[in-house]
Amino acid sequence: MTNDYPEPQAAVALDARPHRKLGDLDVNAHLSDPSRRQDFVTPMFDIIAPRYDAFTRLFSFGMDASWKREAMRAIVASSSHAHHALDLACGTGDLAVAIARAFPTSRVVALDASPRMIDHANQRLADPTRDAAVASRITTTVGDMSALAFDSASMDLVTAGYGVRNVPDSTQAVREMARVLRPGGVLVTLDFYRPAFAPWRALLLWYLSVAGNAVGWWWHRDPIVYGYIARSIEQFMSWQAFGALLEREGFRVRRVTRHLGGGIALHEAERVS
């Protein structure tokens, strides 16, 4: 077994990649077809990358920050050490930086399918006001969380923030998380889920659809950019079903913390087999 990490991805000028107008696509067809789903999701995140952090704060009324602090408390409490950590769907790298800061001997890989997200993560790490020693222990890479380029049992910690819901095959993504984690390693995920209670589900998805379409039009002149969230949740699973999936794929779920009536959940799990 080796622990060689990929080389950091070189940043590409942020205006060098053309934006693809997502409204021109058949969104439901792309989301329901695993072979086409990533063709929608990756360009979407390329578009929203410059305003991703601002959007998550606005859309969640600031609750996203508290959810991620809660995730970090769970990570620190459940991981006696995390020499090798992998943050999937890393976005602009906020969770990866927090992990590197919490575990001073750690090496952290921050992986995202969106090249523009990785551009912005690199910008965060290059910020001269940040701790250079922390940034030096973080490697960024563009990659597919359903086909991870890491050795089996090479990671002590795997995290995924708002990531599993967006992959074409959730089961395959969980299998890859299990494969790269050593026995006893820790998985912490934070994501949106489909609430089981139908009236609340209808209300939550209505809000996410209306607000997402409005912000998508306001910022990008493309409503589906954020309106996608409601559609993706509608086609996703409940937090209970995700916990059952983890158990089937070799994890022991230690704890589930729910918010927004089950619309958001934090799963803490241990790799047992």
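Below or above, wherever it landed, is the structure these notes cover.

**Quick notes on the layout of surface pockets**
In this structure, the largest pocket spans a volume of roughly 370 Å³. Contributing to the lining of the largest pocket are 25 residues, with F59, S60, F192, L208 and I229 lying nearest its centre. For the lining of the largest pocket, the secondary-structure elements that each account for two or more residues are α2 (34–48), α3 (52–59), α4 (63–78), α9 (198–220) and α10 (224–234).

**Observations regarding the packing of helix α8 (residues 170–180) against helix α11 (residues 239–248)**
Packing of α8 against α11 brings their axes to within 10 Å, and their N-to-C directions diverge by 45 degrees. Taken together, the axes of α8 and α11 lie oblique to each other. Viewed along their axes, α8 and α11 form a crossing whose handedness is right-handed. Between α8 and α11, the residues in contact are S170, T171 and V174 and F242, L245 and L246, respectively. Split by residue class, the contact of α8 with α11 holds four nonpolar, two polar and no charged.

**Regarding empty space enclosed by the protein**
Inspection of every chain in the model, using the stated rule, returns two cavities of 30 Å³ or more. Taken as a whole, the largest cavity encloses approximately 80 Å³ of empty space. Listing elements by their share of the lining of the largest cavity, those giving two or more residues are β1 (84–88) and α5 (94–102). Among the residues making up the lining of the largest cavity, the classes are represented as five nonpolar, two polar and three charged. In this structure, the second largest cavity encloses a volume near 30 Å³. V97, R101, L125, R130, D131, V134 and A135 are the residues that line the second largest cavity. Elements with a contribution of two residues or more to the lining of the second largest cavity: α5 and α7 (132–135).

**Focus: the sheet that holds strand β5 (residues 181–192)**
In spatial order, the strands read β3-β2-β1-β4-β5-β7-β6; together these seven strands make up an open sheet with mixed pairing. In the strand order of this sheet, the two ends are held by β3 (138–142) and β6 (251–259), each with one partner. Pairwise comparison of adjacent strand axes, ignoring direction, gives a mean angle of 15 degrees for this sheet. In the sheet, β5 pairs with strand β7 (residues 264–271) via seven bridges, with the strands oriented antiparallel. Bridged to D191 within β7 is A265. Together, β1, β4 (155–161), β5, β6 and β7 form the strand contacts of α8, whose direction differs from that of β5 by roughly 145 degrees.

Rules used throughout
- Residues numbered from 1 in each chain as written.
- Predicted model: local features only at pLDDT ≥ 70, side-chain atom pairs only at ≥ 80, totals over all residues.
- Heavy atoms only, no water.
- 1 Å grid on protein atoms, 1.4 Å probe; cavity = no way out; pocket = protein on both sides within 12 Å on 5 of 7 lines; lining within 4 Å.
- Points joined across faces, edges and corners; volume = space filled by probe spheres on them.
- Helix = DSSP H or I, 4+ residues; strand = E, 2+ residues; numbered from the N terminus.
- Axes fitted to C-alpha atoms, helices over the stretch in contact; angles between N-to-C directions.
- Parallel < 35°, antiparallel > 145°, perpendicular 65-115°, else oblique.
- Left-handed = near helix turned anticlockwise from the far one by under 90°.
- Contact = heavy atoms within 4.5 Å.
- Nonpolar A, V, L, I, M, F, W, Y, C, P; charged D, E, K, R; others polar.
- Pairing = 2+ DSSP bridges.

Distances and angles like these do not, on their own, reveal function.
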